[in-house]
Amino acid sequence: MDTLVALSFSAAAYGAVLALAALGFLVLYKATGVVNFAHGDLITLSGYIALWFITDLNSTPVVGYVLAVGIMFLIGMGLERLAYAPLRRRPHLTVLIATLAAALVIRAFISLWQGSTPQRLPSPADGQVVTVLGAPIAGQRILILVVALLCIAAVMYVFGYSSFGRQLRALASDPETAEMYGVRTGRISLVAWGLSAGLAALAGILVAPLSSLDLNFGFTIMLAAFAAAVLGGFGNLWGVLLGSLLIGTIQYLIGGYVLQDYASILPYIAMLAILGLRPQGLLGRTVVRL
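Residues numbered from 1 in each chain as written. Predicted model: local features only at pLDDT ≥ 70, side-chain atom pairs only at ≥ 80, totals over all residues. Heavy atoms only, no water.

Enquirer: Which residues make up the overall build of the protein chain, and what values do they have?
Expert: From N to C terminus, the protein chain includes eleven helices and two strands. Counting from the amino terminus, helix and strand elements in the protein chain follow one another as α-α-α-α-β-β-α-α-α-α-α-α-α. By the compact-globule yardstick of 19 Å for 290 residues, the protein chain fits well, its C-alpha radius of gyration being 19 Å. Relative to all contacts within the protein chain whose residues are 6 or more apart in sequence, the contacts with residues 24 or more apart total 75%. Placing the 15 positive and 10 negative side-chain charges of the protein chain at their respective mean positions leaves the two points 13 Å apart. (Helix = DSSP H or I, 4+ residues; strand = E, 2+ residues; numbered from the N terminus. Rg over C-alpha atoms; globule rule 2.2 N^0.38 Å. Contact = heavy atoms within 4.5 Å. Lys, Arg positive; Asp, Glu negative; His and termini not counted. Charge placed at Lys NZ, Arg CZ, Asp CG, Glu CD.)

Here you go:
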């Protein structure tokens with residue numbers, strides 16, 4: 001029972017981190033139709049920015065985290081101006097290549113700035129352990145669940161009830177008609193890129209204290225988040241959340257109990273199996289082309 005409880009919390013925390021990263025994909029995809037392959041390196045960069053504030057500028061972990069998220073929001077908007085806005089009317093493949101180029105630039109910058117030696121990001125929950133049903137749970141995992149749930153609730157509110165969310169849904173449904181009705185696509189795109197980078201930053205700084213920061217840190221999270229988004233139905237908010245929870249459950253519960261040696265690849269095997277039966281994902285809609 002102790003092992004089951006511990007693995008359940010690990011699965012939930014990992015799923016929550018993937019949900020934040022996958023929501024970053026979703027916001028950007030709905031606003032622009034673009035899948036940003038620099039997302040993983042933005043996750044990595046956020047961890048190093050937070051580390052820089054904490055270790056070099058002697059800020060507290062909470063202040064370092066908040067400043068890192070704010071800076072990443074601005075970096076996301078800057079990336080929109082450089083990698084997307086000049087190519088807005090070009091084919092999506094051209095924009096995708098631009099995001100890949102941005103990813104390489106970000107990774108090279110991190111390597112020159114911080115080197116390739118793995119580092120650890122401090123956390124306000126360092127050393128704290130909570131006992132649940134006799135199982136010791138790291139305080140960082142509790143922090144991840146609390147912060148992630150609050151952020152996911154905020155994103156759902158923005159999608160469902162705010163003016164930005166309505167305009168975003170209009171763009172996702174019919175971009176041409178939305179523009180005719182006065183939706184300012186440039187402004188929506190700029191905010192969407194910033195929000196996507198901010199969500200990537202949250203995912204990175206929350207999970208980094210449980211592992212170590214290196215150049216491939218965010219890429220691994222990005223792959224799992226992309227798998228979660230595809231598994232649930234790319235473009236569907238509830239599908240992203242369901243897919244993230246399933247990825248965490250498969251990797252930590254099934255992989256932790258039965259197939260420990262294959263835990264890291266089990267989510268992708270499950271994704272391929274489900275997509276073979278339901279290509280649009282678990283909650284995705286079937287699109288019929290005439």
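Enquirer: Run through the packing of helix α5 (residues 139–161) against helix α8 (residues 185–207), naming residues and quoting values.
Expert: Interhelical geometry of α5 versus α8 gives an angle of 170 degrees and a closest axis separation of 10 Å. In terms of their interaxial angle, α5 and α8 are classed as roughly antiparallel. Here Gln140, Ile144, Val147, Cys151 and Val155 of α5 come into contact with α8, specifically with Leu199, Leu202, Ile205, Leu206 and Val207. Split by residue class, the contact of α5 with α8 holds nine nonpolar, one polar and no charged. (Axes fitted to C-alpha atoms, helices over the stretch in contact; angles between N-to-C directions. Parallel < 35°, antiparallel > 145°, perpendicular 65-115°, else oblique. Nonpolar A, V, L, I, M, F, W, Y, C, P; charged D, E, K, R; others polar.)

Enquirer: Give a description of a nonpolar patch on the surface that names residues and reports values.
Expert: Side chains of Trp52, Leu57, Phe109 and Trp113 sit close together on the surface and give an oily, nonpolar patch of about 370 Å² of accessible area. Structurally, Trp113 can be placed in helix α4 (residues 92–114). Classification of Trp113 by relative accessible area gives partly exposed; the value is 30%. (Patch = residues over 30% accessible without salt bridge, like charges linked within 9 Å, V, L, I, M, F, W, Y side chains within 5 Å. Areas by Shrake-Rupley, 256 points an atom, 1.4 Å probe, with all protein chains shown as cover. Salt bridge = Lys/Arg side-chain N within 4 Å of Asp/Glu carboxyl O. Buried < 20%, exposed > 50% of the residue type's maximum accessible area, 1.4 Å probe, protein only.)

Enquirer: Report on unusual backbone geometry, specifying residues and quantitative values.
Expert: It is generally the case that most residues other than glycine have a negative phi and that most peptide bonds are trans. A positive phi angle is found at Asn58, which is not glycine, with a value near 60 degrees. You can see Asn58 is positioned in the loop between α2 (39–55) and α3 (61–84). For Asn58, a relative accessible area of 65% translates into the label exposed.

Enquirer: I'd like to hear about the pairing of strand β1 (residues 129–132), residue by residue, with values.
Expert: In this sheet, strand β2 (residues 135–138) lies alongside β1 in antiparallel orientation, the contact comprising four bridges. Residue pairing in the sheet places Val129 in a bridge with Ala138 of β2. (Pairing = 2+ DSSP bridges.)

Enquirer: Provide a residue-level description of the packing of α2 against α3, including the pertinent values.
Expert: Closest axis-to-axis distance for the α2/α3 pair is 8 Å, and the angle between their directions is 140 degrees. Put simply, α2 runs oblique to α3. In the packing of α2 onto α3, the handedness of the crossing is right-handed. Facing α2, whose interface residues are Leu42, Leu45, Ser46, Ile49, Ala50, Phe53 and Ile54, α3 presents Pro61, Gly64, Tyr65, Leu67, Ala68, Ile71, Met72, Ile75 and Leu79. Residue classes in the contact of α2 with α3 are distributed as 14 nonpolar, two polar and no charged. (Left-handed = near helix turned anticlockwise from the far one by under 90°.)

Enquirer: How would you summarise the nonpolar core if you had to cite specific residues and measurements?
Expert: Within the largest apolar cluster, 84 residues are counted, with the highest numbers of intra-cluster contacts made by Leu20, Leu23, Leu121 and Ile221. Broken down by element, this core gets its largest block of residues, 15 residues, from helix α1 (residues 2–32). Sequence-distant contacts of Leu20, defined by excluding residues within four places in its chain, comprise Ala148, Cys151, Ile152, Leu199, Leu202, Ala203 and Leu206. (Core = buried A, V, L, I, M, F, W, Y, C linked by side-chain atoms within 4.5 Å.)

Enquirer: An account of the pairing of β2 is requested, with residue identities and associated values reported.
Expert: Only one face of β2 is buried, namely the one carrying Ala135 and Ile137, since none of Pro136 and Ala138 on the opposite face is buried. Joining the antiparallel neighbours β1 and β2 is a turn of two residues, in which Leu133 adopts a positive phi near 55 degrees.

Enquirer: Got a sec to walk through the environment of Val34? Specific residues and values, please.
Expert: Structurally, the position occupied by Val34 is in the loop between α1 and α2. For Val34, a relative accessible area of 3% corresponds to the buried category. Along the chain, Val34 and Val95 lie 61 residues apart, while their C-alpha atoms are 7.3 Å from each other. Not counting chain neighbours up to four residues away, the residues in contact with Val34 comprise Leu28, Tyr29, Tyr84, Val95, Thr99 and Trp193.

Enquirer: Account for the pattern of salt bridges, naming residues and giving values.
Expert: On inspection of all chains with the given rule, the structure shows three salt bridges. Its salt-bridge partner being Arg81, residue Glu80 comes within 2.7 Å of it at the nearest N-O pair.

Enquirer: I'd like a rundown of the packing of aromatic side chains, residues and numbers included.
Expert: Working definition: an aromatic ring pair is given by the centre-to-centre distance plus the angle between the planes. One pass over the structure, following the stated rule, counts eight aromatic pairs. Residues Phe25 and Phe226 carry aromatic rings whose centres are separated by 5.7 Å and whose planes lie at 70 degrees to one another, so their mutual orientation is edge-to-face. Placement of Phe25 in helix α1 and of Phe226 in helix α9 (residues 217–232) is noted, with a sequence separation of 201 residues between them. Look at Phe226 and you get partly exposed, because its relative accessible area is 28%. The structure contains a cluster of three or more aromatic residues connected by ring pairs, namely Trp52, Phe53, Phe109 and Trp113. (Phe/Tyr/Trp six-rings, centres within 6.5 Å; stacked < 30°, edge-to-face > 60°.)

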